[in-house]
Amino acid sequence: MTNKLAANAGIMICGHGSRDKDAEREFGLVAKGLKERFPDVPVEYGFLEFSAPNIHMGLNRLIKQGVEHIYAVPGMLFAATHAKNDIPSVLTTFAEKQGNVGMTYGRELGLQDDMIDAFQARIYESLGLDAENPPENLYDTMLVVVGRGTSDTGANAEAAKLTRIVNENMGFGWADTVYSGVTYPSVGVGLEKLMKLGFKRIVVAPYFLFTGRLIKRIQGYVDKVAAENPGIEFVQTPYLNDHPKVIDAFENRVMEIVNGDELGEESLMASFKRRLAAGEIDVHHHHAEFVDPEDDTQGASQADYSHDHSHSHDHSHSHDHSHSHDHSHSHDHSHSHDHGHSHDHNHSHSHGHSHSHGHSHSHGHSHSHGDGHQHSHGVYQHISHPLGPRTMIGEGVCCCFMSQFPDELLEEEKAKIEGDCTKTAFAHK
């Protein structure tokens with residue numbers, strides 16, 4: 001695989017950074033894991049803020065190893081301001097200063113199959129189950145996915161999309177999304193509302209790469225709620241960290257830019273340059289691009305940086321931004337994902353584990369009704385879910401779809417309907 005990389009190439013993983021030193025160490029594990037995938041290629045990492053090394057440091061380390069072309073990947077779940085604006089600005093500034101270094105910027109991690117697999121594996125792990133041999137369903141359990149939460153509607157929608165995908169794949173009784181950031185519902189309010197549904201086991205799964213203040217706050221709140229509600233079992237799922245599938249996802253992003261097969265109409269870097277030229281970008285000037293901490297001429301030495309991560313530097317910037325910046329703006333640290341490209345997530349359990357449900361479904365069947373209409377229904381794995389299609393039995397559901405129900409389920413619902421004086425379906429009683 002590595003022979004496809006350009007000569008004298010290096011890989012740079014660009015993170016956001018955290019005031020939590022545990023998060024810094026965990027981010028380094030991703031670089032270590034990726035280095036194992038590319039043993040003959042220099043791999044470095046750096047952060048936008050709060051943490052050392054910053055992105056300039058990592059890039060300089062690559063240059064000192066003789067790297068002439070850098071493949072840079074945002075170490076972020078979704079593409080929001082940091083992945084769309086701040087990191088490209090850092091990379092562009094660095095490349096302009098170097099003059100002779102090639103720079104290619106890839107995509108955020110997004111909802112790749114590998115990321116979804118990693119998330120599901122963490123959930124199974126927290127339940128004491130084998131992800132390679134999962135149960136048929138988890139109908140007695142509710143899943144609560146915790147997203148970062150942002151003012152970006154698209155980012156919040158991506159977290160909700162993830163919840164739905166995982167819910168369908170794993171077969172929970174109910175699933176919903178709460179957020180630890182600026183949107184609603186918050187973790188606390190969301191859990192209090194969801195507990196009213198009556199589930200006796202609730203899995204709380206944060207979709208975060210690494211630990212940090214938010215993760216620890218979420219864990220602390222769930223502990224508090226669990227103590228106040230002893231009749232409910234709360235299961236806390238570990239965050240993604242350096243799960244092998246996460247490393248796979250990073251490797252995929254590197255190989256995309258190596259092979260030039262990025263999806264979408266416009267890459268993140270191309271979008272940045274277009275919007276920069278149009279004057280549409282307000283780059284956060286607190287980020288590390290504006291001062292090279294290894295260059296004492298800019299007023300901050302590396303030693304200074306190691307003690308002061310507040311980035312109160314001389315904010316000179318090689319791009320000609322004619323904007324007046326208010327440095328008191330709040331920073332959206334969630335990573336939204338701009339789905340300009342299609343992920344084509346056909347999650348029919350092609351994730352390396354087989355879900356054999358024992359249902360007597362006729363796959364790929366096509367029905368001709370004699371009245372001129374002919375169609376087929378895809379087989380739905382959770383046809384028997386207590387809150388799903390079975391609740392429409394008795395409402396004239398198409399016979400094509402009805403044929404997917406196991407006989408015992410049909411008998412069960414028939415008995416419910418016959419015992420209902422209104423003769424309505426279970427869902428409408």
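Quick note: structure is the one above.
Let me sum up the structure you'll find in this document. (Residues numbered from 1 in each chain as written. Predicted model: local features only at pLDDT ≥ 70, side-chain atom pairs only at ≥ 80, totals over all residues. Heavy atoms only, no water.)

Counting secondary structure elements, the chain contains twelve helices and ten strands. With 429 residues in all, the chain has 54% of them scored as buried. For the chain, the share of sequence-separated contacts (at least 6 apart) that also reach a separation of at least 24 residues comes to 76%. Just so you have it, the chain exposes about 19,200 Å², and 48% of that area is on carbon and sulfur atoms. (Helix = DSSP H or I, 4+ residues; strand = E, 2+ residues; numbered from the N terminus. Buried < 20%, exposed > 50% of the residue type's maximum accessible area, 1.4 Å probe, protein only. Contact = heavy atoms within 4.5 Å. Areas by Shrake-Rupley, 256 points an atom, 1.4 Å probe, with all protein chains shown as cover.)

Further remarks concern the packing of aromatic side chains. A full pass over the atoms with the stated rule returns six aromatic pairs. Plain terms: the ring middles of tyrosine 45 and phenylalanine 47 are 5.7 Å apart, the flat faces sit at 80° to each other, and that makes the pair edge-to-face. Among the aromatic residues, ring-to-ring pairing joins Phe27, Tyr45, Phe47 and Phe210 into one connected group. (Phe/Tyr/Trp six-rings, centres within 6.5 Å; stacked < 30°, edge-to-face > 60°.)

Below, the discussion takes up a negative patch on the surface. Taken together, the side chains of Asp407, Glu408, Glu411 and Glu418 present a region of like negative charge at the surface. With respect to the secondary-structure elements, aspartate 407 resides in helix α12 (residues 407-418). Since its relative accessible area comes to 57%, aspartate 407 is described here as exposed. (Patch = residues over 30% accessible without salt bridge, like charges linked within 9 Å, V, L, I, M, F, W, Y side chains within 5 Å. Salt bridge = Lys/Arg side-chain N within 4 Å of Asp/Glu carboxyl O. Lys, Arg positive; Asp, Glu negative; His and termini not counted. Charge placed at Lys NZ, Arg CZ, Asp CG, Glu CD.)

What follows deals with the nonpolar core. Membership of the largest hydrophobic core comes to 51 residues, with the highest contact counts inside it found for Ile123 and Tyr207. Among the elements that make up this core, the one with the highest residue count is helix α8 (residues 244-259) (eight residues). (Core = buried A, V, L, I, M, F, W, Y, C linked by side-chain atoms within 4.5 Å.)

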